[in-house]
Amino acid sequence: MMLYRRVTVLSSALRAIAMVFAMVFILLVSASAMAATHAATTHEYKLANGLKLVVKEDHRSPVVISQIWYKAGSIDEVNGVTGVAHVLEHMMFKGTKKFPGSEFSTLIAAAGGRENAFTSRDYTAYFQQLHKSRLPLAMKLESDRMRNLVLTKEEFAKEIEVVMEERRLRTDDQPRALVHEKMTATAIQSNPYRRPVIGWMNDLENMNVGDAQEWYDRWYAPNNAILVVVGDVNPGEVFALAQNYCLWTNASPRPSRSSWAPSGSR
């Protein structure tokens, strides 16, 4: 009887071990399948002007998101013009000669889409989300403002007030945010990560349209950008669109992140 019990216990243990191995095998196979699927539906291209294109297929709904990421953020700023990356993000919605004023946003909204942008320490990004059939519109608008933005003293004077008010709302009037900002600046003494993305208030108060123009001319170029398109799209067709709308935008000398300093730095 005792031998029977031992055999039964051993048999149960072996079954449990076998189930564990089966589960591990299933998980490994699933992970491999997911990785293969991801690799098969993500495509990378590079245009002749240096623009990198990444396309990720997602056919669950007839929607597409187009993003342009510039390799420029607050770590590329210098003392005296902190916050200029974020200020230019605001100014990018002020229009070009071809699409003046707020026509960019008006056209995206009329197409049933939405758009926005965000600035970080290492990058600045802009995006549009809309029906897949309107991807050409997003590319046309984005490629136009990449090198044809019109910056005026009048628009800059209004927008810098908006940015300063944003700083008051999110930092100066928020004790926790203010302490975090001061703690970061104190703890990190010799690294650009010490600066707040939105900039120091004194720098914002003394910033001018020339600072924004210089930042735009230096960093906003196809060879310093990555175009990411995700949604119900065909990669080959997206590449063709990029060549049609983005290839005419000329590359420019790409600055070194460690050596740049504005000619009019204060």
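Residues numbered from 1 in each chain as written. Predicted model: local features only at pLDDT ≥ 70, side-chain atom pairs only at ≥ 80, totals over all residues. Heavy atoms only, no water.

A.B. asks: Please clarify how the pattern of salt bridges should be interpreted in this entry.
C.D. replies: A side chain of one charge can pair with a side chain of the opposite charge when the charged atoms of the two come close. Evaluated as defined, the whole model comprises 11 salt bridges. Taking the shortest distance from any N to any O, the salt bridge between Arg 170 and Glu 166 comes out at 3.2 Å. Pair noted here: Arg 170 and Glu 166 are both in helix α5 (residues 153-172), with a separation of four residues, about one helical turn. Under the relative-accessibility criterion, Arg 170 is labelled exposed at 56%. Beyond isolated ion pairs, a larger network of salt bridges with shared partners links Lys 94, Glu 155, Lys 158 and Glu 159. (Salt bridge = Lys/Arg side-chain N within 4 Å of Asp/Glu carboxyl O. Helix = DSSP H or I, 4+ residues; strand = E, 2+ residues; numbered from the N terminus. Buried < 20%, exposed > 50% of the residue type's maximum accessible area, 1.4 Å probe, protein only.)

A.B. asks: Would you mind going over the layout of surface pockets with me for this structure?
C.D. replies: The gaps of empty space that remain are located by a probe, the size of a water molecule, rolled over the atoms. If you add up the space inside the largest pocket, you get close to 230 Å³. Lining the largest pocket are His 86, Glu 89, His 90, Ala 117, Phe 118, Thr 119, Glu 166, Arg 170, Thr 171, Val 197 and Ile 198. Listed by contribution, the elements that provide at least two residues to the lining of the largest pocket are α2 (84-91), β4 (114-119) and α5. Residues of the lining of the largest pocket, tallied by class, amount to four nonpolar, four polar and three charged. Its boundaries defined by the atoms lining it, the second largest pocket holds a volume of some 170 Å³. Along the walls of the second largest pocket sit Arg 121, Thr 171, Ala 177, His 180, Glu 181, Thr 184, Arg 194, Arg 195, Pro 196, Val 197 and Ile 198, which together make up its complete lining. (1 Å grid on protein atoms, 1.4 Å probe; cavity = no way out; pocket = protein on both sides within 12 Å on 5 of 7 lines; lining within 4 Å. Points joined across faces, edges and corners; volume = space filled by probe spheres on them. Nonpolar A, V, L, I, M, F, W, Y, C, P; charged D, E, K, R; others polar.)

A.B. asks: What exactly am I supposed to notice about the pairing of strand β6 (residues 225-231) here?
C.D. replies: A regular strand carries its side chains on alternate faces of the sheet. The buried count for β6 comes to five of seven residues, which makes it a mostly enclosed element. Two strands pair when backbone bridges link them, and strand β2 (residues 52-57) and β6 are joined in this way by six bridges, in the parallel orientation. Across the sheet, the residue bridging to Val 54 is Val 228, located in β6. Here strand β3 (residues 63-70) runs beside β6; their pairing, made up of seven bridges, is antiparallel. In the sheet register, Gln 67 faces β6, and the bridge partner there is Val 228. (Pairing = 2+ DSSP bridges.)

A.B. asks: Would you take a moment to explain α5 for this structure?
C.D. replies: Residues separated by three or four positions in an α-helix point in the same direction, a consequence of the helix having 3.6 residues per turn. Buried within α5 are the following residues: Phe 156, Glu 159, Ile 160, Val 163, Met 164, Glu 166, Arg 167 and Thr 171. The buried side chains of α5 occupy one side of the element, clustering within an arc of 160° when seen end-on. Away from its buried face, by an angle of more than 90 degrees, α5 presents the exposed residues Glu 154, Lys 158 and Leu 169. In this fold, the buried residues of α5 make contact with α2, α6 (175-187), α7 (201-206) and α8 (209-219). (Arc of directions from axis to C-beta. Contact = heavy atoms within 4.5 Å.)

A.B. asks: Hey, could you run me through the sheet that holds β2 in this one?
C.D. replies: Backbone-to-backbone hydrogen bonds pair the strands of a sheet. The strands run either parallel or antiparallel. Strand order across the open sheet formed by six strands is β1-β2-β6-β3-β5-β4, with mixed pairing between neighbours. Both edges of this open sheet fall to β1 (42-46) and β4, since each of them pairs with a single strand only. Sheet twist, expressed as the average angle between the axes of neighbouring strands with direction ignored, equals 15°. Here five bridges tie β1 to β2, and the two strands are oriented antiparallel to one another. Residue His 43 lies in a different strand from β2, and its bridge partner there is Val 55. Together, β4 and β5 (124-131) form the strand contacts of α2, whose direction differs from that of β4 by roughly 165°. On top of the sheet, helix α4 (residues 135-147) reaches β3, β5 and β6; it is set at about 155° to β5, its chief contact. (Axes fitted to C-alpha atoms, helices over the stretch in contact; angles between N-to-C directions.)

A.B. asks: So what exactly am I meant to see when it comes to the nonpolar core here?
C.D. replies: For soluble globular proteins, nonpolar side chains are generally found buried alongside one another. Within the largest apolar cluster, 51 residues are counted, with the highest numbers of intra-cluster contacts made by Leu 88, Tyr 220, Leu 227 and Val 229. Not counting residues within four places of it along the chain, the set of residues in contact with Leu 88 comprises Tyr 126, Leu 149, Leu 151, Ala 212, Trp 215, Tyr 216 and Tyr 220. (Core = buried A, V, L, I, M, F, W, Y, C linked by side-chain atoms within 4.5 Å.)

A.B. asks: Is there a simple way to think about the pairing of β5 in this case?
C.D. replies: With six of eight residues buried, β5 lies mostly within the body of the structure. One ladder, built from eight bridges, connects β3 with β5; its direction is antiparallel. In the strand pairing of β5, Ile 65 is matched with Gln 129. With six bridges connecting them, β4 and β5 associate as antiparallel partners. Counterpart to Asn 116 in the pairing with β5 is Phe 127. Taking the residues between adjacent antiparallel strands as the criterion, β4 and β5 are bridged by four residues.

A.B. asks: Looking at this structure, how should I read the packing of aromatic side chains?
C.D. replies: If you walk through the whole model with that rule in mind, you get 12 aromatic pairs. Look at Tyr 216 and Tyr 220: their rings are 5.5 Å apart centre to centre, the planes differ by 35°, and that puts the pair in the tilted class. For the pair formed by Tyr 216 and Tyr 220, the shared burial category is buried. A connected cluster of aromatic rings, assembled from ring pairs, spans Tyr 70, Phe 93, Phe 104, Tyr 126, Tyr 216 and Tyr 220. Across from the ring centre of Phe 93, 4.7 Å away, lies the NZ or CZ of Arg 145, which sits over that ring. When the ring centre of Phe 104 is taken as origin, the NZ or CZ atom of Arg 145, which lies over that ring, is 3.9 Å away. (Phe/Tyr/Trp six-rings, centres within 6.5 Å; stacked < 30°, edge-to-face > 60°. Lys NZ or Arg CZ within 6 Å of the ring centre and 35° of its normal.)

Everything listed here is a matter of coordinates, which is why it stays silent on function.
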